[in-house]
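Commentary on secondary and tertiary structure
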Amino acid sequence: QVQLVESGGALVQVGGSRRLSCSASGLTFSNYNMAWFRQAPGQEREFVGSLRWTGNIIYADSSKGRFTISRDSAKNILYLQMNSLKPEDTAVYYCAAKRKLSATYDYWGQGTQVTVSS
């Protein structure tokens, strides 16, 4: 059974940094594509970036140059390092997983809140 648990959310100052973690169980990164999404109040969930089972990483335009996705395969943890945070980065951040041949993300964490305050 796949379970994803995010952590690391916090209140952060504008321009600050924060690293989110997603502890994954019931899967191995070599067989799953992983991703980060976020949802701001009153808005739809949006893609932040993904790390494929091949190691290939894709970022949304809003994330490029500021956010970095990485993984620790030994610990089964996915990370999202966020730098130069802006108020518009305020959202609940979700970790998601899908089997490498699946079209949709089938597994989701409960989310972790990041609030960027000026």
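Values in this document were obtained by computation on a predicted structure and should not be read as measured data.

1. A word on the side chain of K98
- Secondary-structure assignment places K98 in strand β9 (residues 91-99).
- For the buried K98, which has no salt bridge, the nearest side chain bearing the opposite charge is D106, at an N-O separation of 8.2 Å.
- For K98, the contacting residues outside a window of four places in its chain are N31, Y32, N33, A103, T104, Y105 and D106.

2. Some thoughts on the sheet that holds strand β1 (residues 3-7)
- Pairing in this open sheet of 4 strands is antiparallel, and the strands run β1-β3-β8-β7 from one edge to the other. Every other strand in the sheet has two partners, leaving β1 and β7 (67-72) as the edge strands with one partner each. For this sheet the average axis-to-axis angle between neighbouring strands, irrespective of direction, equals 20 degrees.
- Note that strand β3 (residues 18-25) and strand β8 (residues 77-82) share 6 bridges and pair antiparallel. Along β8, the bridge assignment pairs L20 with L80.

3. Quick look at unusual backbone geometry
- With phi around 60 degrees, N76 is a residue other than glycine that occupies positive phi space.
- Among the secondary structure elements, N76 is positioned in the loop between β7 and β8.
- When its relative accessible area of 14% is taken as the criterion, N76 is described as buried.
- Even without a glycine there, the phi angle at S84 is positive, about 50 degrees.
- Here S84 shows up in the loop between β8 and β9.

Quick notes on the rules
- Residues numbered from 1 in each chain as written.
- Predicted model: local features only at pLDDT ≥ 70, side-chain atom pairs only at ≥ 80, totals over all residues.
- Heavy atoms only, no water.
- Helix = DSSP H or I, 4+ residues; strand = E, 2+ residues; numbered from the N terminus.
- Buried < 20%, exposed > 50% of the residue type's maximum accessible area, 1.4 Å probe, protein only.
- Lys, Arg positive; Asp, Glu negative; His and termini not counted.
- Salt bridge = Lys/Arg side-chain N within 4 Å of Asp/Glu carboxyl O.
- Contact = heavy atoms within 4.5 Å.
- Pairing = 2+ DSSP bridges.
- Axes fitted to C-alpha atoms, helices over the stretch in contact; angles between N-to-C directions.

Take it as geometry only, folks, not as evidence of what the structure does.
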